[in-house]
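# Breakdown of the fold
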Amino acid sequence: MESRRWVATVLFTDIVESTQRAADLGDARWTELLEEHHARIRRELERFGGREVGTTGDGFLATFEGPAPAIRCACVLRQAVAPLEIGLRCGLHTAEVEARTGSLGGIAVHIAARVLRKAAPGDVLVSGTVHDLVAGSGFEFEDRGAHVLRGVPGDWRLFAVTGCPPSPMTLDRASDADGLARAHPKIRVGRLEIPLPHVVVGSVVAAAVLLLALYVRGRDGTQLPVAGVVEGAAPGIAVLPFHISGVGMEVWREGMVDVLSTNLDGVAGLRAIDSRTVLAHWPSVGSGAPEVDLRTALTVARNVGARYALIGTCVTLGSDVRLAAQTYDLESDDRLGAVEVEGDPDSVFSLVDRLSVEILRTVFRGRARELPPVSLARATTTSLPALKAFLTGEVAYRQSDFESAILAYQRAIEADSTFALALGHLAEAYGWKERIATDLSVQYGMRAARLAQRLSERERLLVRGGIQLPLGTLLGLDLLREVVRKYPDDAEAWFLLGDTYYDLGPQALAGREAAVRALTEAVTLDPGFSPVYIHLIQDAFHAADEQRAKRLLDMYSTIAGGSRFDRENRLSFALAFGDTSARWRAETILDTLDVRSLPGVAGYLGHPRFLAIQERVLWALDERGSPGERVIAAVGLFHNALARGRVKQAIRRTASPLLPRQFVVAGLYGARAFGLPIRADAVQRALEAGSADERSDVETFYAGAHAADGGRWVEHARAVVTLAELAAGSLAVGDSATARFRGGAA
């Protein structure tokens, strides 16, 4: 039977000095203590979405969908068992795991167990992988340095958790140990404190609104003047008082105005009209007064400056409640859609969240031109916080603000760890912010692919096709070609196809024309999506096409002006195409430019006309960059010399300790294959700079190719066998991506 693999965060827990405690307490008391310990651990695992795999006597092994809930859970576990006078330590690692009969396997389990062994009493200790995955999420860490983990190759940097940000979970989902849902909460309005029975916990906000509304409207229901709309304000939606049917539901007539307005406000450019403004303009509905008709209701929405109106009903059905809503476009008077949800009245906040999600779908399906064209039909989540964060990320992503997009997508995943679309877009954002094959891009992309079965066929193909680019495989091309064949109007599909062609075209034996054709189709379908312009601009630079570059730069700036890529575009244009004065000013900027932008600028200047100025940019990077950035500079300077035919200069630069050996081998071999006067013994010396056992996959590949060129078939066969064995080893530890690369190289 084939085993199942997926990426998970593995948590191990362990009671500090358990043997001594057992001896002190005796068997009976120790057994009772363990039972209570186990019960508390299981309660918190369930609360944070952890899956218990098994116990280790006095500890637990559990998995989580993501690192953030795993860290939160581990921190809470220490507090949960503290009243038992038990000390706890925890170890966490994120990587691929494998389901086995009755157990869990994979390298992640072994590494997490080794991390636990390095933890001091009270520690929540995480691997560097976990630390990097939650970067920017508000967690605080203490660097515990590099460690050797028994049985695991290499040094591993470990971090102790010293602080957690507030949990994004809403109160209706968070079952605190004290039991918020079991308590009788109170609401304070001014000096008035009102105790509320359990059955109306969901009415807290609505009751407050009813009391506040008395001060806003006055008891006579006097209407106020038409509200003005500030020029340039986002399109507004007015939530109107609901029609109520059923005993005990009257509080929701106006209470729904507040909770839905709060939910809908600020989502992807949508502005909710303040609930007090709506209620102040609403006709009085006293005892025996008729319900407000549709025409009057829509007039109120117009009077408060709304573009959309929301009209709803709240009806009791036996022991359940049904919430229904209809949305209207006030410019056309068209009904955009009708939605409804039904469930337990004790979970009314959860019902309101679900209703909000469906309302947003109707608004964005019939969106105004002022709203960003995001597709909520693709957003497969029932979590309102997840959806709102995702849409915030979509707006930032469309504007090439990848850092803000990453933070928003991370919030979406914390709210719903199964949100496949948010995971996929987070992987893409990391690919733009850092590099295509960044570890975080791969990790999140693999998680998205694993959850893709939840999606429609179109989304499933997009997610699974998109992850192949950071994995460096050509498998995504067939998937993405299938999407554009079936759905030729899908801009995202054309964008992903063009992106893959652009970066993997040589491997696919496809010219740049294939990439440009796909990206141009994406621009035609969705001209407001800025990332699609980036490769088109780069292509114009590489072709030294000044007019096309200028036209694309201007189009990009209208969408993403001020972004990092926009600044890099403008500076690169001045360096490549500017007159003497513009080039001089641009060169002076290099000395003060954010050093993180220098690799991007150098990447634009690959045409033979621009290689001299590219060298200047690379030297600036070498002078000012971090150690990692200086490696990029060393690689760039080496290839710059080769591209300019300066063979002696290129060979001299191979002496740089910053230049990775695999780039030397690949560069010299490639330049020789293209006809540059590089002797075979120069390639051989580069290959012999390190022992055969230390060679990277790339070096082993070129060693085999170089041996074949010289007819040394024993060496050639040795390289093939080495790569095949490495591929088998990668597969054995669950690293299928590396296994495919090594197998392909063989």
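The preceding data block contains the structure.
What this report covers is the structure whose coordinates are included nearby. (Residues numbered from 1 in each chain as written. Predicted model: local features only at pLDDT ≥ 70, side-chain atom pairs only at ≥ 80, totals over all residues. Heavy atoms only, no water.)

Let us now look at the overall build of the protein chain. Check the secondary structure of the protein chain and you find 32 helices and 16 strands. Counting across all 746 residues of the protein chain, residues that qualify as buried make up 51%. Here the contacts in the protein chain between residues at least 6 apart in sequence split such that 61% fall between residues at least 24 apart. With the model as given, the accessible surface of the protein chain reaches about 34,500 Å², and the carbon-plus-sulfur share is 53%. (Helix = DSSP H or I, 4+ residues; strand = E, 2+ residues; numbered from the N terminus. Buried < 20%, exposed > 50% of the residue type's maximum accessible area, 1.4 Å probe, protein only. Contact = heavy atoms within 4.5 Å. Areas by Shrake-Rupley, 256 points an atom, 1.4 Å probe, with all protein chains shown as cover.)

Before going further, it helps to spend a moment on the pattern of salt bridges. If you walk through the whole model with that rule in mind, you get 32 salt bridges. Put simply, Arg-302 and Asp-333 hold a salt bridge, and the shortest N to O gap is 2.3 Å. Linking Arg-302 in helix 9 (residues 294–303) with Asp-333 in the loop between strand 15 (320–329) and strand 16 (334–343), this pair joins segments that are 31 residues apart in sequence. Given a relative accessible area of 34%, Arg-302 falls into the partly exposed group. Put simply, Asp-622 and Arg-630 hold a salt bridge, and the shortest N to O gap is 3.4 Å. Accessibility expressed as a relative area gives 32% for Arg-630, which makes it partly exposed. Several salt bridges share partner residues, and in doing so they unite Arg-512, Asp-539, Asp-545 and Arg-548 into one network. (Salt bridge = Lys/Arg side-chain N within 4 Å of Asp/Glu carboxyl O.)

With that settled, consider helix 1 (residues 18–25). Of the residues making up helix 1, those classed as buried are Ser-18, Ala-22 and Leu-25. Relative to the axis of helix 1, the buried residues are bounded by an arc of 75 degrees and lie together on one face. In this structure, helix 1 carries Thr-19, Ala-23 and Asp-24 as exposed residues pointing more than 90 degrees from its buried face. Residue Gly-26 follows helix 1 closely and has a positive phi angle near 90 degrees. (Arc of directions from axis to C-beta.)

This next bit is on the packing of helix 21 (residues 546–560) against helix 22 (residues 564–577). Running from amino to carboxyl end, helix 21 crosses helix 22 at an angle of 160 degrees, the nearest separation of the two axes being 10 Å. Here helix 21 is positioned roughly antiparallel relative to helix 22, judged by the angle of their axes. For the pair helix 21 and helix 22, the sense of crossing is left-handed. Seen from helix 21, the contacting residues are Glu-546, Ala-549, Lys-550, Leu-553, Asp-554, Tyr-556, Ser-557 and Ala-560; seen from helix 22, they are Phe-565, Asp-566, Asn-569, Arg-570, Phe-573 and Phe-577. Grouping the amino acids of the contact of helix 21 with helix 22 by side-chain chemistry returns seven nonpolar, two polar and five charged. (Axes fitted to C-alpha atoms, helices over the stretch in contact; angles between N-to-C directions. Parallel < 35°, antiparallel > 145°, perpendicular 65-115°, else oblique. Left-handed = near helix turned anticlockwise from the far one by under 90°. Nonpolar A, V, L, I, M, F, W, Y, C, P; charged D, E, K, R; others polar.)

Summarising the element assignment, Leu-598 is placed in helix 24 (residues 598–604). On a C-alpha basis, the gap between Leu-598 and Leu-618 in space is 7.4 Å, while along the polypeptide they are 20 residues apart. Residue contacts for Leu-598: discarding those within four places in its chain leaves Leu-590, Leu-593, Val-617, Ala-620, Leu-621 and Arg-624.

This part covers empty space enclosed by the protein. One pass over the full model with this rule turns up one cavity of 30 Å³ or more. What the largest cavity holds in volume is close to 120 Å³. Lining the largest cavity are 14 residues, with Ala-68, Gln-410, Ile-413, Glu-414 and Tyr-444 positioned closest to its centre. A class-by-class count of the residues in the lining of the largest cavity yields eight nonpolar, four polar and two charged. (1 Å grid on protein atoms, 1.4 Å probe; cavity = no way out; pocket = protein on both sides within 12 Å on 5 of 7 lines; lining within 4 Å. Points joined across faces, edges and corners; volume = space filled by probe spheres on them.)

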